[in-house]
Amino acid sequence: MSNKALLAYLNEFKAELQEMFEDFDSELSHNENDDIYRDAYEVVGRQIEEAIDGIDILTSDIEDGKYDDYVDDGIDYQEDGGNE
């Protein structure tokens, strides 16, 4: 996948996360129990916001060329014990 295609994908993914967070926040803000809202934010909302921030960082790194010199060394990630 080219960097341009990857950036487009990340931007779409970020938009979906933002919409998800807005829906989540909107639905929970109508709840009369503030404790539920605070707990739900800590359990779910904060992670969504952190994912959005992470996408921003990754996007910036890609745009800055951080990964332009990356060369695949031929190691299969799954064979190396990852993401099986």
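Everything discussed here concerns the structure shown above.
One structure accompanies this document, and this report is about it. These figures come from a predicted structure and were not determined experimentally. (Residues numbered from 1 in each chain as written. Predicted model: local features only at pLDDT ≥ 70, side-chain atom pairs only at ≥ 80, totals over all residues. Heavy atoms only, no water.)

This part takes up the overall build of the protein. The helix and strand tally for the protein stands at two helices and zero strands. Looking at the protein as a whole, 20% of its 84 residues qualify as buried. Partitioning the intrachain contacts of the protein with sequence separation of at least 6 by distance along the chain shows that 60% fall at a separation of at least 24. Of the roughly 6800 Å² of accessible surface on the protein, 48% is carried by carbon and sulfur atoms. (Helix = DSSP H or I, 4+ residues; strand = E, 2+ residues; numbered from the N terminus. Buried < 20%, exposed > 50% of the residue type's maximum accessible area, 1.4 Å probe, protein only. Contact = heavy atoms within 4.5 Å. Areas by Shrake-Rupley, 256 points an atom, 1.4 Å probe, with all protein chains shown as cover.)

Another point: the pattern of salt bridges. Using the criterion set out here, one finds four salt bridges in the structure. Salt-bridge contacts for Asp35 lead to Arg38; the nearest nitrogen and oxygen are separated by 2.4 Å. Here Asp35 and its partner Arg38 are both found in helix α2 (residues 34-63), three residues apart, which amounts to about one turn of the helix. Residue classification places Asp35 among the partly exposed residues on the basis of a relative accessible area of 45%. Linking Glu42 and Arg46 is a salt bridge whose minimum nitrogen-to-oxygen distance equals 2.5 Å. (Salt bridge = Lys/Arg side-chain N within 4 Å of Asp/Glu carboxyl O.)

Function-wise, these values are silent; they only describe arrangement.
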